[in-house]
Amino acid sequence: MHYLESVTRRWVTVYIPLLVFLFVLLFPFYWMVITSFKSNAELLSTSGNPFWVVQPTLDHFRKLFFGTSYPKWMWNTVIISVTATFVSLAASVFAAYAIERLRFRGSRQIGLAIFLAYLIPPSILFIPLAMMVFQVGLFDTRWALILTYPTFLIPFCTWLLMGYFRSIPFELEECALIDGATRWQILIKIVLPLAVPGLISAGIFAFTLSWNEFLYALTFISASENKTVPVGVITELVEGDVYHWGALMAGALVGSLPVAIMYSFFVEYYVAGMTGAVKE
Amino acid sequence: MTASRFFDNRNVLGAVFMLPAAALLVFFLTYPLGLGVWLGFTDTKIGRPGEWIGIENYEFLLTDGVFRLSVYNTFLYTAVASVVKFALGLWLALLLNNNIPFKSLIRAIVLLPFIVPTVLSAIAFWWIYDPQFSIVSWVLVKAGLMDHYIDFLGDPNLARMSTIIANIWRGVPFVAICLLAGLQTIPPSMYEAASIDGATPWQQFWYITLPMLSPIIAVVMTFSVLFTFTDFQLIWVLTRGGPINATHLMATLSFQRAIPGGALGEGAAIATAMIPFLLAAILFSYFGLQRRRWQQGGSDK
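Residues numbered from 1 in each chain as written. Chains lettered and ligands numbered in written order. Predicted model: local features only at pLDDT ≥ 70, side-chain atom pairs only at ≥ 80, totals over all residues.

Some remarks on the overall build of chain A
Next up, step 1: Regarding its fold elements, chain A presents 15 helices and 2 strands.
Next up, step 2: Relative to its length of 280 residues, chain A is extended, with a C-alpha radius of gyration of 24 Å against a globular reference of 19 Å.
Next up, step 3: Structurally, chain A occupies a C-alpha span of about 80 × 70 × 30 Å along its principal axes.
Next up, step 4: By the burial criterion, 46% of the 280 residues in chain A qualify as buried.
Next up, step 5: Considering only intrachain contacts with a sequence separation of at least 6, the fraction spanning at least 24 residues in chain A is 78%. (Helix = DSSP H or I, 4+ residues; strand = E, 2+ residues; numbered from the N terminus. Rg over C-alpha atoms; globule rule 2.2 N^0.38 Å. Buried ≥ 20, exposed ≤ 12 C-beta atoms within 10 Å, placed from the backbone. Contact = placed C-beta atoms within 7 Å.)

Quick look at the overall build of chain B
Next up, step 1: Along the backbone of chain B there are 15 helices and 0 strands.
Next up, step 2: With the C-alpha coordinates of chain B rotated into their principal frame, the extents come out at 85 × 75 × 35 Å.
Next up, step 3: For chain B, the proportion of its 301 residues judged to be buried stands at 41%.
Next up, step 4: Counting contacts in chain B only where the partners sit at least 6 residues apart, residues at least 24 apart contribute 68% of the total.

Description of the environment of C178 of chain B
Next up, step 1: As for its placement among the helices and strands, C178 of chain B is situated in helix α9 (residues 156–183).
Next up, step 2: Considered as a pair, C178 of chain B and I216 of chain B are 38 residues apart in the sequence and their alpha carbons are 8.0 Å apart.

Focus on the interface of chain B and chain A
Next up, step 1: Listed as interface residues are 69 residues of chain B and, on the opposing side, 72 residues of chain A.
Next up, step 2: Taken together, the residues of the side of chain B that touches chain A break down into 54 nonpolar, 13 polar and 2 charged. (Nonpolar A, V, L, I, M, F, W, Y, C, P; charged D, E, K, R; others polar.)

Focus: helix α10 (residues 188–196) of chain B
Next up, step 1: In terms of burial, α10 of chain B is largely open, as just 0 of its 9 residues are buried.
Next up, step 2: Phi turns positive, to about 90 degrees, at G198 of chain B, one or two residues after α10 of chain B.

A short note on the environment of F125 of chain B
Next up, step 1: Structurally, F125 of chain B is set in helix α7 (residues 118–128).
Next up, step 2: For the pair F125 of chain B and A166 of chain B, spaced 41 residues apart in the sequence, the C-alpha separation amounts to 6.9 Å.
Next up, step 3: Setting aside its immediate chain neighbours within four residues, F125 of chain B contacts P28 of chain A together with A166 and L238 of chain B.

Focus on the environment of Q204 of chain B
Next up, step 1: If you trace the backbone, Q204 of chain B turns up in helix α11 (residues 201–229).
Next up, step 2: A sequence separation of 14 residues divides Q204 of chain B from M190 of chain B, and the C-alpha atoms of the two residues are 9.0 Å apart.

Concerning the confidence of the model for chain B
Next up, step 1: Per-residue confidence for chain B gives a mean pLDDT of 87; residues scoring 70 or more make up 92%.
Next up, step 2: The model gives residues 297–301 of chain B a pLDDT under 50, and that stretch makes 2 contacts with residues more than four places away or in other chains. (pLDDT = per-residue confidence, 0-100.)

Some remarks on the packing of helix α4 (residues 65–96) of chain B against α9 of chain B
Residue and element names in this part refer to chain B.
Next up, step 1: The contact between α4 and α9 brings their axes to 6 Å, and the two run at 40 degrees. The angle between α4 and α9 places the two elements in the oblique class. Relative to α9, α4 is oriented so that their crossing is right-handed.
Next up, step 2: In the contact of α4 with α9, the residues fall into 19 nonpolar, 4 polar and 2 charged. (Axes fitted to C-alpha atoms, helices over the stretch in contact; angles between N-to-C directions. Parallel < 35°, antiparallel > 145°, perpendicular 65-115°, else oblique. Left-handed = near helix turned anticlockwise from the far one by under 90°.)

So, in structure tokens, the structure goes:
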């Protein structure tokens, strides 16, 4: 039908609305970048054009990296996200394979339970989890987060991988069984290599979810040097009523970069992961 | 030999394979879920084990104006944000489904607000909503539409609106990209047949696009409603429930009472009060999924 539409009509119905959408969706990022390079004097001046930066400065980044525990928070976030992702992915691979392919008694019900587990939000669990974390002596340690993040990562990854395993033909496994392969060999040598795209999707999605987590990290961690980036930026860069806007923006920008860069490399996997989890 | 035979039994091997995931989930998800419900019936404080007090927490909460306001806010926030996210998301998905240049690049950019940590993008909104240096106010004043700067987060109703807008900004890309994936599965032959029969674009949308999309809409919107209903991060960064508790959601009030306030039992009661609403949403999602199999004319996969 597109060839029937005039160029003007197409601009009004498609391009202009799309440009407005893109502008609104991207403006906060632009604003974040611009603010983080402005000097304090420029930030607080009411004259001049606020949309541009006259004298770009790296002061806020310098303060962030050398005046605060920011590098430490970054390191914590990396360690916690990577470990939680690998633990969850490993547990999910076995769970998804068992539910989808071994078809043990009750596997359907377990599959449904996994889906329901994904729908239980952290807002309901953080209070009892905080008590448990305190009682077992993990309060204010990385382990508190590494062990609790799988509660939302495992259901998601398992659900996603179940969809991928379902798409691998049964015949491949049957051939291997006839040739005398054990279930373990089938999983390692046949199913996993074929499910690599699914593993990447689940892995980067899990990493992003852990990187973005806020409520557990806010509740279970109290010492400054143990915080993650989202919690550190919010709790430590605001002194009383003094908001260091430049440093806050720089912190937000640097904290967003790792996920944004990873996302740019794996867009297709990411979209497949997100839509796959919804469609299955 | 006997050992390997034993492990080739699918029930035994299934149990072994399920063990790591099941152990983590039972210990860190199912148990705390039960513990949370139990805590709601106790007067536990930080550093002091509680005693069973029955439904006293709930009786108190029913008379507590702040709690009732937070329930109202949660529903308002969820209803307005979800409806707008759905409308804008569907529109954006339809726009992206056109033949446009740089399609995959644009799609990648659109999803950016959803990827970036919510807390960090919320900081950008915090700065955009600043009472003295807000860029929105600056533009409105320069354009002569306003004569003073707007106190976005200082006035109760404005603060509710501002947080809802920030939530919509983050949620629209998710809805749009998921619906776009749904749109791409609709066979073009349906539209061809319809246009040969003389259907207008509006009729094609109403009688082909919407019915074909409805199963995925049900699932996407359930997720969206669920995560909006239990939202914590945006409110905590932007207003911390203020001004004067006007923007507290049930999740933020639960945190406020339990962690800084120390009343774990009461906080747990507020969190538990969210469960019935979540169950309703989950049931809705479950029937949405059931309907999908029927609609596609297939049996259970």
